[in-house]
Structure formats: structure tokens, C-alpha cells
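So the chains spell out like this:
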Amino acid sequence: MMSESQELFDRARRCIPGGVNSPVRAFGNVGMTPRFITRAKGDRIYDEEGREYIDFVGSWGPMILGHAHPAVLEAVEKAAVDGLSFGAATRREVEMAELICGIVPGMEMIRMVNSGTEAVMSAIRAARGFTGRDKIIKFAGCYHGHSDAMLVKAGSGVMTQGIPDSAGVPAGCTADTLTAVYNDPDSVRELFEANPGQIAAVIVEPVGANMGVVPPAKGFLESLRAICDEHGSVLIFDEVITGFRLAPGGAQEYFGVSADLCTYGKIIGGGMPVGAYGGKKAIMEKIAPLGSVYQAGTLSGNPVAMAAGLAQLSILREKKDFYSDLNRKSDRFFGEIGKILEEADGDFCLNHVGSLGCIFFTGTEVTNYTSAGSSDTNRFREYFSYMLEQGIYLAPSQFEAIFLSGAHTGEDLDRTISAIRRYLI
Ligand SMILES: Cc1ncc(COP(=O)(O)O)c(C=O)c1O
């Protein structure tokens, strides 16, 4: 008999491209039918067949408190009864901006948008407007959303599906996007030398999390800071994944390096569609209606989304030891996996930073896009499918992260470690 998920997927494919509203969800790379999810609670998600999984995707990052956290749900319910959208200024937007500016180092002004893609697109425009320059440098394997200028050697679904660049992006839109090598400051210096006085910004994922997980090498982020200072360019940390995850102040706090602008996404909405960009006042003052860089959004700062985000971020700020507990739990989890990989004595590379991590099936140390690409995706596919059978839901792609949350219990992590052991040894 056809499963509910299969039946839904067949229906979906008739009216939604590929049957999904975002490519990686299609499970295409692992050659399976996607699980259609009905509900989630804590560290568990449930599919249409009623199966239960320990979830390591966490909606790709935002569910850092676990799914359906009671305080976030209550905030959403309370806000919803007062109306879903006004298209006008609200108290919650002020509270949200004050909260984030109070937590994140160097955050002097912030603007809410609706997604990480929008946040990056807007930050790039702000940097260009501020410097009066056009060119930007990104890193191969870093994903910054699907705006035209950013779809150059992007990671995530673009990497998974083997699409180097997207069709439909005019050459003119990417002509000013220069690509450097992650963890290689010399490749950045060379681009600056070849394009004197033309680089508006360098944008980087402070931890690469869309080519699998790739930590910044010692001194890499510091070098970017120094190069941008030397050339009067804007350093943008894309903190869509790392923000409020590695530490309250994100990668800036975790690594002790400050950016000029930061972009945020899903995590600041607690599961609602939210993004934001902000940083130095001198740059943010260029944004309309204060300045001449236009950027707008009907649903930006949506009251229900703000309520969810405020609830989540308030808990993260107030819960003493949240981050040290999460990072300690993650260190133990990835440490145990590391021991298994050593015992299994094959070609593996385990990368992990705080509550983000991933296993690559390669004997090479993974430090950038090229080495990430050496992972054997057929072996990943087998591993993914085994884990799913064991009731463990990983991202259905080699080039995504494992996300741990405050809701993962020691018991569930041990169950996951045992499943990895059974698979590999
Ligand atoms: C680092 C990074 N930047 C930007 C984005 C785009 O965010 P969104 O999917 O909300 O548009 C993502 C998505 O995962 C991301 O990981």
C-alpha cells in the first residue's frame, strides 16, 4: 500500500515544482520520498504515517529551544488574537530592535525583514550605498540565500543538486560578485589587489554551514577584518546560522571578531518567517527613509513573528548557562561520534563548532568548498537512509549541518550515537 507521504508527494509534484517549496526538502539527493511532517515537540518530529523521529534539522536552525516551546507558542497565540498584520509601526518592533541591539556586540541599528535571503540582499545594498562601490567578495561554498548576486558558487541546495549557478540569473547580476576561497585570506587579498578601490563588501558565513560544516581556520576571520579595514570595505557576517546559536552575540562573540554588518534569519523568529540586518549606525543610516538606500517590506516586523522572536530571544538571554550547557552537550555528542569514527578506521572527517556539526565521508580534512566536495555522497546516502530507519532525522544532504537544540535529551543523543556505532562498526 502506498504510504501517506508517498501519496502526498505524488499530489504535490503535480502542482508544486518538485513537490516542495524549497529544494533540499525533496530528498532528491538521497533518492527517497520526503517525509511529510504533521507536528513536532521538543527534539521529536512526527510524520504523516505517525512515525516519530529524533530531529537534528530543527527547521534548519531556528528551533534552538526545541519544537513547540510553550513560551513561544503562548506569545504567538496572544499576539494572533490582536490581529495578524497592520502594516504599521508597533511596540514589539521597538522591543525587538532594542533586545537585539542590547545583546549583539556592535549592533547599533537593525532593520527587520522576512527571510535570510532578504536580509543578505539588503545588507549588500546598504554596503554598496555606503561605500559607493559595486563589487562584493563572497566565498565558494557559502550560501547567502537565493538573490541573484549571491548565486555564485553557493552551497546548500545549489551544491547538493550540482547546479553551479542558477539559470535565470542574468550575467550582469553576478558580474560584480567575486569569489574567494574559504579559509584562504590570500585569495581575498588577490581580489582586492586586482580590483583596487572597487570592493564594497566581503560577506562570509563565519562558520561555513552550507557546504557541510566548515570551521573558520585560526586567524581567518581576523584577517578578513584587517583586509576590510585596510581597504575601507564593509565586513558582513552572515549570521543566519551562527547568530544566537554559537553564543548570544553569535559568531562575533564566539570568535571575538566584529563585523560592520550582520545578517540574521529564521532563529530570530523562533520558527516564524523573520530576518534582519544591522550593525554600524553610519551604514544603517543610509537606509530609507533616513537615507537613499531603498529597502522595504509589507510584512516586515510582522506582529506575530515579532512576538515569537521576542519570546525565543528573551529566553535565550535570560536562561543562565543555556549556551554553555548546549555547547557542552554538543561537545560530548560530537566527541563520542569522533571516537566511533576513529574506531571505524575509514575515510571520515568530522567537523564541529558548538551545536553545529557534520560527518564527511572523505579522508581529506575539510576546510573549504573543494575539500567538502570530495565527500562520497553515495556513502552519505546510505548512512542517511539507515539513520532514518532508526528514527533519526538528519538533513537529507551531505552539505548541511546537524543542529542540536536545548531540547535534545542525553538519552536521545545516546540513542543516536548507538545508531551511528551500529552503522559504522
Ligand atoms: C548562511 C545563510 N544565509 C542566508 C540564508 C537564506 O535564508 P532564508 O532561507 O531564510 O532565505 C541561509 C539559509 O539557510 C543561510 O544558511
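What counts, and at which threshold
Residues numbered from 1 in each chain as written. Predicted model: local features only at pLDDT ≥ 70, side-chain atom pairs only at ≥ 80, totals over all residues. Heavy atoms only, no water. Helix = DSSP H or I, 4+ residues; strand = E, 2+ residues; numbered from the N terminus. Rg over C-alpha atoms; globule rule 2.2 N^0.38 Å. Buried < 20%, exposed > 50% of the residue type's maximum accessible area, 1.4 Å probe, protein only. Contact = heavy atoms within 4.5 Å. Areas by Shrake-Rupley, 256 points an atom, 1.4 Å probe, with all protein chains shown as cover. Lys, Arg positive; Asp, Glu negative; His and termini not counted. Charge placed at Lys NZ, Arg CZ, Asp CG, Glu CD. Domains from an automatic or database assignment. Buried area = accessible area lost by both parts, 1.4 Å probe. Salt bridge = Lys/Arg side-chain N within 4 Å of Asp/Glu carboxyl O. Polar contact = N/O pair within 3.5 Å; in protein donor to acceptor, adjacent residues only side chain to side chain. Nonpolar A, V, L, I, M, F, W, Y, C, P; charged D, E, K, R; others polar. Expected span 1.5 Å × (residues − 1). Arc of directions from axis to C-beta. Axes fitted to C-alpha atoms, helices over the stretch in contact; angles between N-to-C directions. Parallel < 35°, antiparallel > 145°, perpendicular 65-115°, else oblique. Left-handed = near helix turned anticlockwise from the far one by under 90°.

(A) Spatial organisation of the overall build of the protein. A tally of helices and strands in the protein yields 15 helices and 14 strands. The C-alpha radius of gyration computed for the protein amounts to 21 Å, which stays within 12% of the reference 22 Å derived for 425 residues, consistent with globular compactness. For the protein, the spread of C-alpha atoms along the principal axes amounts to about 60 × 55 × 45 Å. The buried share of the protein, taken over its 425 residues, is 55%. For the protein, long-range pairs separated by at least 24 residues make up 70% of all intrachain contacts whose partners lie at least 6 apart in sequence. In the structure as shown, the protein presents an accessible area of about 17,700 Å², 51% of it carried by carbon and sulfur atoms. Positive and negative side-chain charges in the protein, numbering 39 and 51 respectively, have mean positions lying 3 Å apart.

(B) Just the domain arrangement of the protein, in detail. Under the domain assignment used here, the protein contains domain 1 (4-68 + 321-424) and domain 2 (70-318). Measuring from the centre of the C-alpha atoms in domain 1 to the corresponding centre in domain 2 gives 24 Å. The junction of domain 1 with domain 2 conceals about 3,000 Å² of combined surface from both sides, 67% of it contributed by carbon and sulfur atoms. For the domain 1 face of the interface with domain 2, the top three residues by lost area are Tyr323, Val353 and Tyr369, together amounting to 25%. Scanning the region where domain 1 abuts domain 2 turns up 0 salt bridges. For the pair domain 1 and domain 2, the number of links is 10 residue pairs in polar contact (both at pLDDT 80 or more). Residue composition of the side of domain 1 that touches domain 2, grouped by class: 21 nonpolar, 13 polar and 2 charged.

(C) Representation of helix H1 (residues 4-15) within the structure. Its 12 residues give H1 an end-to-end C-alpha distance of 17 Å, which sits within 8% of 16 Å, the value for a rise of 1.5 Å per residue. If you check which residues of H1 are buried, you get Ser5, Phe9, Asp10 and Ala12. Seen end-on, H1 carries its buried residues on one side only, within an arc spanning 165°. With respect to the buried face of H1, the exposed residues turned more than 90 degrees away are Arg14 and Cys15.

(D) Just the packing of helix H14 (residues 377-389) against helix H15 (residues 410-424), in detail. One way to put it is that H14 packs onto H15 with a least axis distance of 10 Å and a crossing angle of 130°. What the angle tells us is that H14 and H15 run oblique. Between H14 and H15 the crossing geometry is right-handed. Contacts from Arg379, Glu382, Tyr383, Tyr386 and Met387 in H14 reach Thr416, Ala419, Ile420, Arg422 and Tyr423 in H15. Residue composition of the contact of H14 with H15, grouped by class: 6 nonpolar, 1 polar and 3 charged.

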